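# Observations on the model geometry
Given next are the chains, with one letter for each unit.
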Amino acid sequence: MNFNFTEEQQLIQQNAREFALEHLEPIAAEIDKTERIPKEIYQKMAELDFMGICYPAEYGGAGADFLSYTLVLEQICRSCASTGISLEVHASLACAAIYNFGSEELKQKYLVPLCKGEKLGAFALTEPGAGTDAGAAQTTAVLDGDEYVLNGTKCFISNGGVADVYVIFGLTDPTAGTKGISAFVVEAGLPGFEIGKHEDKMGIRGSQTAELIFKNCRIPKANLIGKEGKGFGIAMATLDVGRIGVATQALGIAQAALDEAVKFAKERVQFGKPIATKQAIQWMLADMATQLEAARLLVYSASMAREEGKPISKEAAMAKLFASEASDYICNKAIQIHGGYGFIKDFKVERLYRDSKITTIYEGTNEVQRMVISGAVLR
Ligand SMILES: Cc1cc2nc3c(=O)[nH]c(=O)nc-3n(C[C@H](O)[C@H](O)[C@H](O)COP(=O)(O)OP(=O)(O)OC[C@H]3O[C@@H](n4cnc5c(N)ncnc54)[C@H](O)[C@@H]3O)c2cc1C
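Each chain has its residues counted from 1, running along the sequence as written. The model is predicted, so local features are restricted to residues of pLDDT at least 70 and side-chain atom pairs to those at 80 or more, both for listing and for counting; the totals for chains, interfaces and linings are taken over all residues.

## Digging into the overall build of the protein
Secondary structure elements are defined from DSSP: runs of H or I of at least 4 residues count as helices, runs of E of at least 2 residues count as strands, and each element is numbered from the N terminus. Broken down by element type, the protein carries 11 helices and 10 strands. Computed over its C-alpha atoms, the radius of gyration of the protein comes to 21 Å, within 12% of the 21 Å expected for a compact globule of 379 residues. Over its C-alpha atoms, taken along the principal directions, the protein stretches across nearly 80 × 40 × 40 Å. Buried residues in the protein amount to 53% of all 379 residues. Contact between two residues is assigned whenever their backbone-derived C-beta positions fall within 7 Å. Expressed as a percentage of contacts within the protein between residues at least 6 apart in sequence, the contacts between residues at least 24 apart total 74%. The globule rule is 2.2 Å times the number of residues to the power 0.38, and the radius of gyration it is compared with is taken over C-alpha atoms. Exposure in this text rests on C-beta crowding, where 20 or more other C-beta atoms within 10 Å of a residue's own make it buried, 12 or fewer make it exposed, and counts in between make it partly exposed. The C-beta atoms are placed from the backbone.

## Here we look at the site of the ligand
Near residues are defined by distance alone, with the backbone-placed C-beta atom required to lie within 6 Å of the molecule or strand. Neighbouring the ligand are 19 residues; G131, T132, S158, T365 and E367 lie closest to it. Looking at the shell around the ligand, the elements with two or more residues in it are β1 (121-124) and β3 (147-158). In terms of residue count, β3 provides more of the shell around the ligand than any other element does, three residues in total. Three classes are used: nonpolar for Ala, Val, Leu, Ile, Met, Phe, Trp, Tyr, Cys and Pro, charged for Asp, Glu, Lys and Arg, and polar for all others, with Gly counted as polar. Of the residues assigned to the shell around the ligand, the class counts are nine nonpolar, seven polar and three charged.

## Things to note about the domain arrangement of the protein
Domain start and stop points were drawn from an automatic or database domain assignment. Along its sequence, the protein is organised into domain 1 (7-120), domain 2 (122-232) and domain 3 (240-378). Placing the centre of domain 1 and that of domain 3 at their C-alpha centroids yields a distance of 21 Å. In this complex, domain 1 contributes 19 residues to the contact, which on the side of domain 3 involves 19 residues. The element that contributes the greatest number of residues to the side of domain 1 that touches domain 3 is helix α4 (residues 66-79), accounting for nine residues.

## Re the packing of helix α5 (residues 81-101) against helix α7 (residues 231-267)
Lines fitted to the C-alpha atoms define the axes, with helices restricted to the stretch that makes contact. Angles between their N-to-C directions range from 0 to 180 degrees. The N-to-C vectors of α5 and α7 enclose an angle of 155°; their axes lie 9 Å apart at closest approach. As summarised for this structure, α5 and α7 are arranged roughly antiparallel, according to the angle between their axes. In the packing of α5 onto α7, the handedness of the crossing is right-handed. Of the residues in α7, those touching α5 at A81, G84, I85, E88, S92, L93, A96, A97 and F101 are I234, T238, V241, G242, G245, Q249, G252 and I253. For the contact of α5 with α7, the class distribution of residues is nine nonpolar, seven polar and one charged. Between 65 and 115 degrees an angle is taken as roughly perpendicular, under 35 as roughly parallel, over 145 as roughly antiparallel, and anywhere else as oblique. Put simply, a crossing is left-handed when the front helix is turned counterclockwise from the back one by less than a right angle, and right-handed when it is turned clockwise.

## Observations regarding helix α6 (residues 104-116)
Given a helix with a known number of residues, its expected span is that number minus one, times 1.5 Å. Its 13 residues give α6 an end-to-end C-alpha distance of 17 Å, which sits within 8% of 18 Å, the value for a rise of 1.5 Å per residue. Bend, in this description, refers to the angle at a residue between axes fitted to the seven residues ending there and the seven starting there. A maximum bend of about 35° is found in α6 at Y110, where proline P113 lies one to four positions downstream. Considered for burial, the residues of α6 that qualify are L106, K107, Y110, L111, L114 and C115. Taken together, the buried residues of α6 touch α5, β1, β4 (165-171), β5 (181-187) and β8 (224-225). Directly beyond the C-terminal end of α6, a positive phi value near 80° is found at G117.

## Some points on α5
Along an α-helix, residues three or four apart share an orientation, since each turn contains 3.6 residues. The end-to-end C-alpha distance of α5 is 28 Å, a good match for the 30 Å that 21 residues give at a rise of 1.5 Å each. Maximal helix bending in α5 amounts to about 35°, located at C95. Across the 21 residues of α5, 19 count as buried, placing the element largely inside the fold.

## Notes on the pairing of strand β2 (residues 140-144)
Successive residues of a regular strand alternate their side chains across the two faces of the sheet. Pairing between strands requires that DSSP locate at least two bridges from one strand to the other. Note: β2 against β3, five bridges, orientation antiparallel. Counted as the bridge partner of T140 is N151 from β3. Taken together, β2 and the strand that follows it, β3, pair antiparallel across an intervening segment of two residues, in which G145 is found at a positive phi of about 65°.

## With respect to the packing of α4 against α5
Contact pair α4 / α5: the axes reach a minimum separation of 7 Å and the direction vectors enclose 150°. The angle between the axes of α4 and α5 places the two elements in the roughly antiparallel class. Counting all contacts with α4, which are made through Y69, L73, I76 and C77, the residues of α5 involved are A81, T83, G84, L87, E88 and A91. Its residues placed into classes, the contact of α4 with α5 shows seven nonpolar, two polar and one charged.

## Structural notes on the nonpolar core
Formed by 124 residues in total, the largest nonpolar core has its most connected members in A94, I98, V167, A254 and A257. With 18 residues, α7 is the largest single contributor of residues to this core. If we ignore the near neighbours within four places in the chain, the residues touching A94 are V89, L114, G121, A122, F123, V165 and V167. By definition, a nonpolar core groups buried Ala, Val, Leu, Ile, Met, Phe, Trp, Tyr and Cys residues that connect through C-beta atoms lying within 7 Å of each other.

## So, the environment of K310
Positionally, K310 belongs in the loop between α8 (279-307) and α9 (313-338). Residue classification places K310 among the exposed residues on the basis of 10 C-beta atoms within 10 Å. Once the C-alpha coordinates of K310 and Q282 are considered, the two residues, 28 residues apart in sequence, prove to be 39 Å apart.

## Some remarks on unusual backbone geometry
The backbone of E35 sits at a positive phi, close to 55°, despite the residue not being glycine. Looking at where E35 falls in the secondary structure, it is placed in the loop between α2 (28-34) and α3 (39-47). Under the C-beta neighbour-count criterion, E35 is labelled partly exposed, with 17 such atoms within 10 Å. For N159, which is not glycine, the phi dihedral falls at a positive 65°. Summarising the element assignment, N159 is placed in the loop between β3 and β4. Judged by C-beta crowding, with 27 C-beta atoms within 10 Å, N159 ranks as buried.

Next up, the structure:
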């Protein structure tokens, strides 16, 4: 389908594709294997203005629209989903929370270097006892003079250990439930802020996922984002938009899986002909392409709605739900088309299948997305 992209959007998409093909595609398998994204990749993304692409120039961003960000993220995830999710957490979650809810002082101090790509961001909501039930968080933030004192543990935090700036959530009033949660900016390396366990994951292995441990970690009072007690709302609003990013990740992975399946089906000869001549294979490709196109429509239309400032809770949930399940389906079929080769690490589809799975889980599991959608439908 022709989405009538502007010239600027087409150029940004092309730049992202060229960057991904030149800098990510050749090393994506290595990133997966070594569980490390080279620093030069972040430097290159900063040079290309990808780190703050949809934020205003006055805050160090590129001033592009939200769909342009989606187009960049899709192309990056098409080549390396680990790099994609690292960028997504930085831009969709950390930068967004500070940009939408932070004071001017916080924006100048933290958002500007984040958008310029001089620093990397992370977003820490999840705790061992508070996953889907994020309101059950136990981390505390007690005001003591001009500082908040943080105590508690966050888990499964993307960019954990490699980020410089963390948006974290803690209880300023443990008696007030979700109304007692507040959001803060915490810098890496502060006394009392340690990185705990690094997770050994099924997929997106290049992306760091770590535990954050706060033991009497003191942060300036000015690092409160918004007002005390507004943290839960900040987290939910930020995740609403973030879900478009996860949907985009799934879209990029699914496109890559279809690309690989088509290539393989044309090249692999059995019974004297390419397997692409078999109707069984053609039907799988047809279903994969249809799922992919439907996912793309939902992702791009949610991105456009975001740009237009429309409510997007339902749209983002639908995009994430559909694109992530489509991606799982498409990656599964891509492996089937590869036969035994699809099960071997030399072939890209093996990694795509592993990278895809997380998109049905983080930034709200797909059960949560179904709750959001059914809530909107039943309203
Ligand atoms: C690789 C990775 C990266 C992550 N990155 C981040 C990050 O950067 N920042 C961050 O804050 N978090 C992050 N997370 C955490 C992620 O968002 C959570 O894992 C996710 O929200 C689910 O929480 P949980 O794992 O505790 O599962 P649980 O909440 O324990 O859920 C277990 C199962 O129960 C279902 N379930 C739970 N409650 C309900 C209900 N009410 N109704 C129906 N079903 C329900 C869930 O859908 C799921 O199927 C990351 C996780 C992973 C694995």
